[in-house]
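One letter stands for each residue in the lines below.
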Amino acid sequence: MNADRIIAVRNNKTVYRDGERVLKVFDETYSKADVLNEALNQARVEETGLNIPRILEVTVIDGNWTIVSQYIKGKTLARLMEENPDRKDEYLNLFVDLQLEMHSKVCPGLNKLKDKLSHKINETDLPATVRYDLQTRLEAMPKHNKVCHGDFNPSNIVITEDGTPYILDWAHATQGNASADAARTYLLFWLNGDIDGANKYLELFCAKSNTEKEYVQKWMPIVAASQLAKGNAKEREFLCSWINVVDYE
Amino acid sequence: MENKERKIVDSVDALKKVIARVREAQRKFSTYSQEQVDEIFKAAATAANQARIPLAKMAVEETGMGVVEDKVIKNHYAAEYVYNTYKNVRTCGVLEEDKAYGIKKIAEPVGVIAAVIPTTNPTSTAIFKTLIALKTRNAVIISPHPRAKKCTIAAAKIVLDAAVAAGAPEGIIDWIDVPNIELTNLLMKEADIILATGGPGMVKAAYSSGKPAIGVGPGNTPAVIDESADVVLAVNSIIHSKTFDNGMICASEQSVIVHKNVYDAVKAEFAARGCYFLKEDEIEKVRKTIFVNGALNAQIVGQPAYKIAELAGVKVPVGTKILIGEVDSTDPSEEFAHEKLSPVLAMYKAEDIHDAFEKAERLVANGGYGHTAAIYLDVTTEQAKIDEFASRLKTCRILVNTPSSQGAIGDIYNFKLAPSLTLGCGSWGGNSVSENVGVKHLLNIKTVVERRENMLWFRAPEKIYIKKGCLPVALNELKYVMGKKRAFIVTDSFLYHNGYTKPITDRLDELGIEHTTFFDVLPDPTLSCAKAGAEQMRAFQPDTIIAFGGGSAMDAAKIMWVMYEHPEVDFMDMAMRFMDIRKRVYTFPKMGEKAYFVAIPTSAGTGSEVTPFAVITDEKSGVKYPLADYELLPDMAIIDVDFHMSAPKGLTAAAGIDALTHALEAYVSLMATDFTDGLAKQALQMIFKYLPRAYDNGQTDVEAREKMANAATIAGMAFANAFLGVCHSMAHKLGAFYHLPHGIANALMIEEVIRFNASEAPAKMGTFPQYGYPHALRRYAEIAEALNLGGENDHEKLENLIKAINDLKARVGIKSSIKEYGINEKEFLERLDEMVEQAFDDQCTGTNPRYPLMSEIRQMYLNAYYGKKHFVDEEKPNEADIAGTEDENKVKKAYLRARVGAKRA
């Protein structure tokens, strides 16, 4: 490994740049299956024709599973938004267009979003009653097969110098209902403290995809519960306020 | 009575075992009598009723929602009202029977019901569903909501124990003890029917389980208060309803829409009765508290008003009944415009009643489609508003001056609305049921229907005058009995100009009956001719129409009669084909209100004087309209041989053979009856005997002429009631395509049709209940017998009949093929397919004993054209095909019997 520099350090992985390549090195605690699944997801999504970094290699470096992929040179959309607050609307517009382009793709090999959400709901420590209501709600939602990113937020979009946008980080990709993916993005804006951005995003997404806002909102208790499964104590109270709602009777 | 063997249902395995056990119990239960069931139903209702208070307490304690005293009412209602409504309703065995029509309806249970019970009414819904299941001999497995499982199961157990003590099979009611989505889904998949009450999520899951589901939807009830309403009654009804069980009834009012003229009065009344009007900033606080991301905050459901206010940071007195937010928007983005499941109410001001209706419609669209809407007004003066409200609102219950919580569940504020805790919302709410769910939705109704024969009748003109010289007597009756004053005669120019109408007009003159004559009828009468005649009729205003001549004059007169009495009718409608004249779409206009119809035939053939038929041609389009309806039946027919004597030979032959085919087709028709059979046979005997004489010596042989005149009318009565067959279908088109006289066209086709019909194994037989099996062969043999034609078996008799007919045709100068009538072969072949399709579609085809395929009609036309070969069926299996089977002899005998035309047992 000839890593120039560390790009990012997360809970149990470290991302290095190595020339034109990016190495995502997972630590020992990380499940091999999850690493391979992430690489497979990304490889599958490559086939849809979306602009994403290409997988170059999956290997083991010093005992650590590593995904090697193409390095995309550019700035993340999150950084661009920060640097040019006056152009935020323009970036949001691009952001939503990109997400809709992704939703227009199908990728039959990906896992099902519904299964993933159901699994996450069961992983939470919510009371059985609340989990039952969430499962019922999930059960009733329409099941689609659109490519969903699962962590679609401005920091996962890189714009190259010539303006080409790339979508990064396919660890959470699934196929399913686009509105669930949008609800998750909305939640990520909130969690990032950008409530104004969240609302603008939702308006834009609904307008461009011709979706009722209520329909996206129906997913919010579910995506909040799946976020809760990550066990971030700081988010707990906020997420519970989103979760603790009832279906009309 | 504890069932000691019962293990807790908390896993897929345990649930599968329970389903199997319950199914077995239900199998036993399905054999119970109505008396046994009624006893069980009563015992179960009584037990549930007695437990109403402890169950209500348990429900509030466990769910932390609602009001004990109101839940007591719900439990009480579920036990008592449901029992009272259904106690005498039959739900087992024969429900109804009509022996005359041979129809019987039998009730059978559905099987195992998966009952999904909501948290809002956890005990009363359990009582309701188990009771109606017991009444219908069904088993129930309950999937309680985890938040209310203890009380729901307790309610189910009380009903179960009482039912078993009263004789129900052990374990007829069961439940999931530890509910989770996997078990609920499994239960819904395995049950025979799902009775789903609860949130839309659960209802959708039920509908997608693949099993029939009776699901019900959410409500968003608007209550409109019109300016004519009794404001005090309206406001207090709404308060009464909205506070019931802290607003958790799905039918509960969610918004009030008040006519501006009574807005202040309504507001004052709400305020005076303990409701709190939120101030602007408070509205916003409550909005954000009760809804999160467009969903209802679980913490406020079924809570008292002050608690909800407290959560929102608004201070109101503890005794506050309802929090009212005065809002303007009915848009989905307005939180107050949704269902709130709590004592929180939106209030709108309407400019007028139409504005109120519009708002109500929009609110219903916000998640309340199909449920309930309420209106308050003065019913004595404002029925029109009720009608408009009812027609505009897409809700399955429209309540008038009625608190909606207690009103929609039925039998409390109106005693014809079925009591139910499961309210169907119809297709608008995505449900399969739009009514209040009851026992009828849990039954399979078997209908047992016995074969019955079609009702038939026999219709003929009220008077048929017969015998030579009867005309003057008949005309006397017009004058002296009926007092007729103005007669309109319809005839053709030949008869008119040659003085044949003179005996009639002279007699009318003597009687002092005014008359006029229309004599422009041509063969194949046209619409324009009929219009001209009807025009003259309108000018003359006759009270009697006398049709005089052959089929053309009589048909033309019938059409003029229709146009005279009903100028508004459309011929396309009247000519619409029917399968059964008594079930036709078109209702023929009532005839005879202006004029009495008299028919006097001058040839012995058509029978139109006694038939309900008439054919008219639209000369512009060339379309022939065959009209048929008993309204077209003449009132009087006069068969006076004096008018027949001068008919020429050709006409005598053609008309005579026409009458012959009328009788033949009527005899084998699907609709032949004992009444028409006698007439047909009598006519045939007379035609065979007298047609040659009438043909040879028509000008002098009065006896033969009279017999032929009578025979034609008798045959007419037969086919007026039994109708005709495919010979006439084909003859109609052959005549129309090539201008062959109608009688000749029939003569050319009849042999083919007899051979075609006589098949014992036709490709398709005609459809009519009294026509049990193909038996036209026997019918033709019966005719041969009546004519004494001899023959050892039915096949021989058939051949003898065909020979006799062919001999008669030849005897009266009729040629034996279409070709011999000079019809060009090339043209015939070119137009054949068109003619085939038209013949197939002819009105006469429907009563033919053999339902013809178009290919078969085509073959018959071709055979008749060349006159060289005759119709034979496609090859069928015969005794050679079964050689070698054990039963060979027996089966061979069957084939043999068929071949010789032996009469069936």
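Treat the numbers as computed from the prediction; the structure is a model and nothing was measured.

Colleague: I keep staring at the overall build of chain A and nothing clicks. Help me out?
Modeller: A count of helical and extended segments in chain A gives 10 helices and 11 strands. For chain A, whose C-alpha radius of gyration is 18 Å, the value lies close to the compact-globule estimate of 18 Å for 249 residues. Classification of the 249 residues of chain A by burial places 51% in the buried group. For chain A, contacts bridging at least 24 residues in sequence account for 64% of all contacts bridging at least 6. Carbon and sulfur atoms make up 46% of the accessible area of chain A, which amounts to about 11,700 Å² in all. For chain A, the distance from the average site of its 31 positive side-chain charges to the average site of its 37 negative ones is 2 Å.

Colleague: Would you explain the domain arrangement of chain A in this entry?
Modeller: Often, the extent of an interface is quoted as the loss of accessible area on bringing the components together. All names here are of chain A. Assigned domains of chain A: these are domain 1 (1-68) and domain 2 (72-242). Each of domain 1 and domain 2 was reduced to a C-alpha centroid, and the two centroids are 22 Å apart. Contacts between the two partners involve 12 residues from domain 1 and, on the opposite side, 18 residues from domain 2. Considering only the side of domain 1, the residues that lose the most area to domain 2 are N41, L50 and N51, jointly responsible for 37% of the buried surface there. Summed over the shared surface of domain 1 and domain 2, the number is 1 salt bridge. For K24, the salt bridge identified is with D169, shortest N-O distance 3.6 Å. Connecting domain 1 to domain 2 are 3 residue pairs in polar contact (both at pLDDT 80 or more). Taken together, the residues that form the side of domain 1 that touches domain 2 break down as 4 nonpolar, 5 polar and 3 charged.

Colleague: Is there a simple way to explain the interface of chain A and chain B in this structure?
Modeller: At the interface, 20 residues of chain A touch 37 residues of chain B. Of the roughly 2,500 Å² buried at the junction of chain A and chain B (both faces included), carbon and sulfur atoms supply 58%. Residues R147 of chain B and D133 of chain A are paired through a salt bridge, measuring 3.2 Å at the closest nitrogen-oxygen approach. Counting the contacts that link chain A with chain B gives 6 residue pairs in polar contact (both at pLDDT 80 or more). When contributions to the side of chain A that touches chain B are tallied by element, the ones reaching two or more residues are helix 5 (128-140), helix 8 (213-217), helix 10 (236-243) and strand 11 (245-246) of chain A.

Colleague: Whenever I open this one, the UniProt feature "domain: Fe-containing alcohol dehydrogenase-like C-terminal" (unreviewed entry) in chain B confuses me. Can you help?
Modeller: As recorded in UniProt, the feature "domain: Fe-containing alcohol dehydrogenase-like C-terminal" (unreviewed entry) lies at residues 652-865 of chain B. Annotated as residues 652-865 of chain B, this span is 68% helix and 0% strand, and its ends, taken at the C-alpha atoms, are 23 Å apart.

Colleague: Explanation requested: helix 5 of chain A in the structure shown.
Modeller: Every α-helix winds through 3.6 residues per turn, so residues three or four apart in the chain are directed the same way. Residue and element names in this part refer to chain A. With 13 residues, helix 5 should cover 18 Å at 1.5 Å per step; its first-to-last C-alpha distance of 18 Å lies within 8% of that length. Where burial is concerned, most of helix 5 is hidden: 10 out of the 13 residues are buried. Residues T129, V130, Y132, L134, Q135, T136, R137, L138, E139 and A140 constitute the buried set of helix 5.

Colleague: Hey, could you run me through the UniProt feature "domain: Aldehyde dehydrogenase" (unreviewed entry) in chain B in this one?
Modeller: In the numbering adopted here, UniProt assigns the feature "domain: Aldehyde dehydrogenase" (unreviewed entry) to residues 14-273 of chain B. Taken end to end, residues 14-273 of chain B is 52% helix and 17% strand, and its two terminal C-alpha atoms sit 53 Å from one another.

Colleague: In this structure, what is going on with the sheet that holds strand 3 (residues 112-116) of chain B? I would like to understand it.
Modeller: Hydrogen bonding along the main chain pairs the strands of a sheet, whether they run parallel or antiparallel. All names here are of chain B. Spatially, 5-4-3-6-7 is the arrangement adopted by the 5 strands of the open sheet, whose pairing is parallel. Sheet topology places strand 5 (173-175) and strand 7 (213-215) at the edges, where each strand pairs with a single neighbour. The average angle at which neighbouring strand axes cross in this sheet is 20°, direction not considered. The sheet contact formed by strand 3 and strand 6 (residues 193-196) spans 4 bridges and is parallel. Looking across to strand 6, one finds that I113 is bridged to I193. Sheet strands in contact with helix 7 (residues 181-190) are strand 3, strand 4 (139-143) and strand 6, and its direction is about 160° off that of strand 4.

Colleague: Can you help me understand the packing of helix 2 (residues 34-50) of chain B against helix 4 (residues 68-86) of chain B in this one?
Modeller: The axes of two packed helices give the description: the angle between them and the distance between them. Residue and element names in this part refer to chain B. Packing of helix 2 against helix 4 leaves a shortest axis separation of 8 Å and a crossing angle of 155°. The angle between helix 2 and helix 4 falls in the class roughly antiparallel. Considering the relative orientation of helix 2 and helix 4, their crossing is left-handed. On helix 4, the residues touching F41, K42, A45, A48 and N49 of helix 2 are H76, A79, E80, V82, Y83 and Y86.

Colleague: What should I look at first to understand the nonpolar core in this one?
Modeller: Across soluble globular proteins, nonpolar side chains have a tendency to be buried as a group. Residue and element names in this part refer to chain B. Counting residues in each nonpolar core, the largest one holds 105 residues, and the members touching the most others are L134, I172, I225, V266, F270 and M347. Top contributing element to this core by residue count: helix 6 (residues 149-165), with 8 residues. Both domains that furnish three or more residues to this core are identified here as domain 1 (12-212) and domain 2 (221-413). Core analysis: the next-biggest nonpolar cluster, separate from the first, contains 95 residues, F719, F723, A839 and Y865 among them.

Colleague: Would you mind showing me how to read unusual backbone geometry here?
Modeller: With the exception of glycine, most residues fall at negative phi, and the peptide bonds are largely trans. Residues other than glycine seldom take positive phi values, yet R137 of chain B does so here, at roughly 60°. On the secondary structure map, R137 of chain B appears in the loop between helix 5 (124-135) and strand 4.

Colleague: I tried to follow the packing of aromatic side chains on my own but got confused; where do I start?
Modeller: What characterises a pair of aromatic rings is the spacing of the ring centres plus the angle enclosed by the ring planes. All names here are of chain A. Across all of its chains, the model carries 32 aromatic pairs over all chains by this definition. Arranged with centres 5.7 Å apart and planes meeting at 25°, the rings of Y186 and W242 form a pair that is stacked. Of this pair, Y186 sits in helix 6 (residues 178-191) while W242 is found in helix 10, placing the two residues 56 residues apart along the sequence. Looking at W242, the relative accessible area reads 4%, which means it is buried. Centre to centre, the rings of Y201 and F205 are 6.1 Å apart; their planes meet at 35°, and the pair counts as tilted. In this pair, Y201 and F205 both sit in helix 7 (residues 195-209), 4 residues apart, roughly one turn of the helix. Take Y201: its relative accessible area is 0%, and that puts it in the buried class.

Colleague: Quick question: what am I supposed to make of the pattern of salt bridges here?
Modeller: Pairing is possible between side chains that carry opposite charge, provided their charged atoms lie close to one another. All names here are of chain B. Taken as a whole and judged by the stated rule, the model has 68 salt bridges over all chains. One salt bridge in this structure joins R452 and E450, with 3.2 Å as the shortest N-O distance. By relative accessible area, R452 is classed as partly exposed at 33%. One network of salt bridges, in which partners are shared, links D677, R778, R779, E782, E785, D794 and K797.

Cut-offs used in this document
Residues numbered from 1 in each chain as written. Chains lettered and ligands numbered in written order. Predicted model: local features only at pLDDT ≥ 70, side-chain atom pairs only at ≥ 80, totals over all residues. Heavy atoms only, no water. Helix = DSSP H or I, 4+ residues; strand = E, 2+ residues; numbered from the N terminus. Rg over C-alpha atoms; globule rule 2.2 N^0.38 Å. Buried < 20%, exposed > 50% of the residue type's maximum accessible area, 1.4 Å probe, protein only. Contact = heavy atoms within 4.5 Å. Areas by Shrake-Rupley, 256 points an atom, 1.4 Å probe, with all protein chains shown as cover. Lys, Arg positive; Asp, Glu negative; His and termini not counted. Charge placed at Lys NZ, Arg CZ, Asp CG, Glu CD. Domains from an automatic or database assignment. Buried area = accessible area lost by both parts, 1.4 Å probe. Salt bridge = Lys/Arg side-chain N within 4 Å of Asp/Glu carboxyl O. Polar contact = N/O pair within 3.5 Å; in protein donor to acceptor, adjacent residues only side chain to side chain. Nonpolar A, V, L, I, M, F, W, Y, C, P; charged D, E, K, R; others polar. UniProt positions renumbered as here; feature names shortened; annotations may be inferred. Expected span 1.5 Å × (residues − 1). Pairing = 2+ DSSP bridges. Axes fitted to C-alpha atoms, helices over the stretch in contact; angles between N-to-C directions. Parallel < 35°, antiparallel > 145°, perpendicular 65-115°, else oblique. Left-handed = near helix turned anticlockwise from the far one by under 90°. Core = buried A, V, L, I, M, F, W, Y, C linked by side-chain atoms within 4.5 Å. Phe/Tyr/Trp six-rings, centres within 6.5 Å; stacked < 30°, edge-to-face > 60°.

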